[in-house]
Amino acid sequence: MDLVRYFLDHSSEILSLTLEHIWLVGVSMILAVLIAVPLGILIAHKPGYKGSLLGVANVIQIIPSLALFGFLLPVPWLGDRAGRLAIVALTLYALLPIIRNTYTGIVSVDPAVREAARGIGMSSSQMLRIVELPLASDLILAGIRVATVISIGVATIAAAIGAGGLGEFIFRGLAMVDNRVILAGAIPAALLALLADLGLGAIEKRLRVPR
Amino acid sequence: MTDLQFAVCSQARMSYSTADTVIEFDHVHYRTPNGHPILSDLNLRVRRGEVLILLGRSGSGKTTALKLINGLLLASQGQVSVEGRAISDWNLIHLRRRIGYAIQEVGLLPHLTVERNIALAPRLEGWPTERIRARVEELMTLVGLPGEDFRRRHPRELSGGQRQRVGLARALAADPAILLMDEPFGALDPLTRTEIQREFKALRQHLQKTVVFVTHDVREALLLGTRIALLESGRLAGAYSPEEFLHSDEAEATAYVNVLRASDVPL
């Protein structure tokens, strides 16, 4: 009951921090898609870049999130605003799953389909638009879904550098040793992750072409 | 050069290029990137309006020869020409749009409906929507898949035979003068195959296209071909009319004819 009362008393703050959280994750996901999908396409067509690119994305993924926020703090323009920095860090985190899935989606297009399309006289950009991207779309979306769910979790840590979001409650609760406060951040964050997973999962299912 | 000489020369050149040779293999060799030879010194001319069958065992190089025509593969040595122009002088995308291509695996785009699959080449060529619609309707009737129902289906909702028909319709869509077919009926059951072969033969007589057709099935070769080029481990063993083929002394040809005779089971 205590928890419910706390939630009701702080509902407007929970709502605004949730919106801030969605903003951080949303902007970084859009940036990540804009960067990672073209990179995935690139390594699918020029396998020479594959090792180094996936290597870099892997290394970024391995850095603990708190450390990544810390590393970026002294970077000139980035360090000025916490929100900016958080968005860059979240974007970097989201790259790997999206690059990898875009790559896998494109290279797994049936060679017979590809050859038939070439035989019809498609240029490589037409091949990409008409054949490769539509057939890879469900895998690309699966990558975006994984990245989004990860980002919603990682974004709570952004509060540590003052970027806001639901992590505010979590860090405050930790300092106050008050579980209600921690839960005021953790529950909405978990719900967001669940919703994103279900929503994107549903779209993914619609895009899937039985092969 | 006098005007008269020039006129004679250009006339000669013209009669050469518009002459009946549509596709020409001139001392063509093909090796895989790791140096394995697939075709050796292939010399062959395909004349306008004929159905040239490339007959041979698996690995004889017949599919390779076919892909050299639309530039999906490029000759290692020698020259392949289409309409009097070397493949290297063609813009490959323009070349492929003038050539219909049907393959055994069909290669229909699984995410597009039958209608959109057939419409691919006309769409790439920028035909107006109305013309594409009419063309798709015409082709679906032609290949025996009439009706609103089929147009909206996806390839996975078709039987193997229906998919082959769609593949054929797609190859014909932009009305190419040349048709390349790589065992297009290979994956079909014998009854459907015989049916679709007969239909194709009837269709061909009324479409007047130059066809290069790859098969390992000697019956199919004799049924559909106006000429049969026999390939044996990357070399041309000979080119025959169906009649000549039946009476040829060449070892590989007689082997095929014997298979044919042996399989005529007396009941």
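Cut-offs applied
- Residues numbered from 1 in each chain as written.
- Chains lettered and ligands numbered in written order.
- Predicted model: local features only at pLDDT ≥ 70, side-chain atom pairs only at ≥ 80, totals over all residues.
- Helix = DSSP H or I, 4+ residues; strand = E, 2+ residues; numbered from the N terminus.
- Buried ≥ 20, exposed ≤ 12 C-beta atoms within 10 Å, placed from the backbone.
- Contact = placed C-beta atoms within 7 Å.
- Nonpolar A, V, L, I, M, F, W, Y, C, P; charged D, E, K, R; others polar.
- Pairing = 2+ DSSP bridges.
- Axes fitted to C-alpha atoms, helices over the stretch in contact; angles between N-to-C directions.
- Parallel < 35°, antiparallel > 145°, perpendicular 65-115°, else oblique.
- Left-handed = near helix turned anticlockwise from the far one by under 90°.
- Arc of directions from axis to C-beta.

Caption draft 1: View of the overall build of chain A. For chain A, the helix and strand inventory stands at 10 helices and 0 strands. Burial analysis of chain A (211 residues in total) assigns 40% to the buried set. Summarising the internal contacts of chain A: among those between residues at least 6 apart in sequence, 73% fall at separations of at least 24.

Caption draft 2: Quick look at the interface of chain B and chain A. Contacts between the two partners involve 16 residues from chain B and, on the opposite side, 17 residues from chain A. Those elements giving two or more residues to the side of chain B that touches chain A turn out to be α3 (92-97), β6 (99-103) and α5 (120-124) of chain B. When the residues that make up the side of chain B that touches chain A are grouped by side-chain class, the tally is 9 nonpolar, 3 polar and 4 charged.

Caption draft 3: Geometry of the pairing of β6(B). All names here are of chain B. Where burial is concerned, most of β6 is hidden: 5 out of the 5 residues are buried. A two-sided burial pattern is seen for β6, the buried positions comprising Ile99, Tyr101 and Ile103 on one face and Gly100 and Ala102 on the other. Bridging between β6 and strand β7 (residues 178-182) involves 5 bridges; their strand directions are parallel. If you follow Ile103 over to β7, its bridge partner there is Asp182.

Caption draft 4: Molecular detail of the packing of helix α1 (residues 2-9) of chain A against helix α10 (residues 179-207) of chain A. Residue and element names in this part refer to chain A. For the pair α1 and α10, the least separation of the axes is 10 Å and the interaxial angle reads 60 degrees. It follows from the interaxial angle that α1 and α10 lie oblique. When the axes of α1 and α10 are compared, the crossing they make is right-handed. On α10, the residues touching Asp2, Leu3, Tyr6 and Phe7 of α1 are Arg180, Leu183 and Ala184. The residue inventory of the contact of α1 with α10, partitioned by class, reads 5 nonpolar, no polar and 2 charged.

Caption draft 5: Geometry of the packing of helix α8 (residues 124-154) of chain A against α10(A). All names here are of chain A. Taken N-terminus to C-terminus, the directions of α8 and α10 make an angle of 180 degrees; their axes are 9 Å apart at the nearest point. In terms of orientation, α8 lies roughly antiparallel with respect to α10. The residues of α10 that touch α8, namely those facing Ser137, Asp138, Leu141, Ala142, Ile144, Arg145, Thr148, Val149, Ile152 and Gly153, are Ala189, Leu192, Ala193, Ala196, Asp197, Leu200, Gly201, Ile203, Glu204 and Leu207. Tallied by class, residues from the contact of α8 with α10 come to 12 nonpolar, 4 polar and 4 charged.

Caption draft 6: Seen up close, the environment of Leu109(B). Looking at the secondary structure, you find Leu109(B) in the loop between β6 and α4 (114-118). Along the primary structure Leu109(B) and Ala65(B) are separated by 44 residues, whereas in three dimensions their C-alpha atoms are 25 Å apart. Ignoring any residue separated from it by four or fewer positions in sequence, one finds Leu109(B) in contact with Val113(A), Val131(A) and Asn117(B).

Caption draft 7: Representation of the sheet that holds strand β2 (residues 37-47) of chain B within the structure. Residue and element names in this part refer to chain B. Pairing is antiparallel across the open sheet formed by 4 strands, whose spatial order is β2-β1-β4-β5. In this open sheet, the two strands that pair with only one neighbour each are β2 and β5 (85-86). Summarising the sheet, strand β4 (residues 77-82) and β5 pair through 2 bridges and their orientation is antiparallel. Looking across to β5, one finds that Val82 is bridged to Arg85.

Caption draft 8: Spotlight on helix α4 (residues 65-72) of chain A. Residues and elements named next belong to chain A. Those residues of α4 that fall on the buried side of the exposure criterion are Ser65, Leu68 and Phe69. Down the axis of α4, the buried set is contained in an arc of 100 degrees. They therefore lie on one face. Residues of α4 that are exposed and point over 90 degrees away from its buried face: Ala67 and Phe71. The secondary structure elements touched by the buried residues of α4 are α6 (82-107) and α8.

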